[in-house]
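Working through the structure, step by step
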Amino acid sequence: MSINRVLLLAMALSCVSTVARGATPPAIKVTLNTSTAGIGATVTVTVRISRARNVGSVPFTLYYDPAILEFVGATSREGGFLKQNRATTSFIARTGPLSRGGGVVVGLSRLDPVRGAGGKGTLCRLTFRAIAPGLSPLTFNRATLLDPAAQPLGASFTGTTIRVRPAS
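Now for a look at the structure at hand. (Residues numbered from 1 in each chain as written. Predicted model: local features only at pLDDT ≥ 70, side-chain atom pairs only at ≥ 80, totals over all residues. Heavy atoms only, no water.)

1. Remarks on the overall build of the chain
Tallying secondary structure elements over the chain gives 1 helix and 14 strands in all. Every one of the 168 residues in the chain was classed for burial, and the buried ones make up 35%. At a minimum sequence separation of 6, the contacts of the chain that also span at least 24 residues come to 75%. Working note: accessible area of the chain is about 9400 Å², and carbon and sulfur atoms make up 57% of it. (Helix = DSSP H or I, 4+ residues; strand = E, 2+ residues; numbered from the N terminus. Buried < 20%, exposed > 50% of the residue type's maximum accessible area, 1.4 Å probe, protein only. Contact = heavy atoms within 4.5 Å. Areas by Shrake-Rupley, 256 points an atom, 1.4 Å probe, with all protein chains shown as cover.)

Below, the structure is given as structure tokens:
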């Protein structure tokens, strides 16, 4: 291979690398059906993703204040994002052990080891019941975005806060 071809190839690869590093990373964000709820009300927490490329799985723990909110796992559902192109998926959402801080441990995976999902969409909907007045943060912990080969992808994870009103 001539020196010109080698230099041309090196320049092309450096441009691709720069574009990949300069690209805006995928964003995973919590949204609420309501930012304020009364005691006894059900709150749906939707976890959405945008700007995604080649996503294979999204494991995370969502922390909340268990004195203010109660997780209602039976009504939590997987969204359609990872099911793109009729992919088979696995979804689990369970209360985590108190010894590890509690929260809701969520596992979302495509079972296709080759093709990942892309674009934007809903990862899951988690249901909570408001049980006491106060502010409860909803924050991500041990959260990562992985490609189909379980290699980490850069991503930002953004939580929110819900206010539970006292009974009137």
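Next comes the rest of the write-up.
2. Description of the packing of aromatic side chains
Tallied over the full model, the rule gives 4 aromatic pairs. Both rings, one in F60 and one in F140, keep their centres 5.2 Å apart while their planes meet at 75°; by these two values the pair is edge-to-face. Taken together, the residues F60 in strand β4 (residues 60-63) and F140 in strand β10 (residues 134-141) connect sequence positions 80 residues apart. Taking relative accessible area as the criterion, F60 reaches 2% and is therefore assigned buried. With a relative accessible area of 16%, F140 lands in the buried category. (Phe/Tyr/Trp six-rings, centres within 6.5 Å; stacked < 30°, edge-to-face > 60°.)

3. Observations concerning the nonpolar core
Ranked by internal contacts, the top residues of the largest apolar core, which has 33 residues, are F60, L69, L123 and L126. Looking at this core, the elements with two or more residues in it are β1 (27-32), β3 (42-55), β4, β5 (69-71), β8 (104-110), β9 (117-130), β10 and β14 (160-165). What L123 contacts, discounting residues up to four positions off in sequence, is I28, V47, R48, I49, V58, E78, G79, F81, L82 and L108. (Core = buried A, V, L, I, M, F, W, Y, C linked by side-chain atoms within 4.5 Å.)

4. Considerations on the environment of T89
On the secondary structure map, T89 appears in strand β7 (residues 89-95). Not counting chain neighbours up to four residues away, the residues in contact with T89 comprise E78, L82, K83, S109, R110 and L111. Side chain to side chain, T89 and E78 meet in a polar contact 2.9 Å long. (Polar contact = N/O pair within 3.5 Å; in protein donor to acceptor, adjacent residues only side chain to side chain.)

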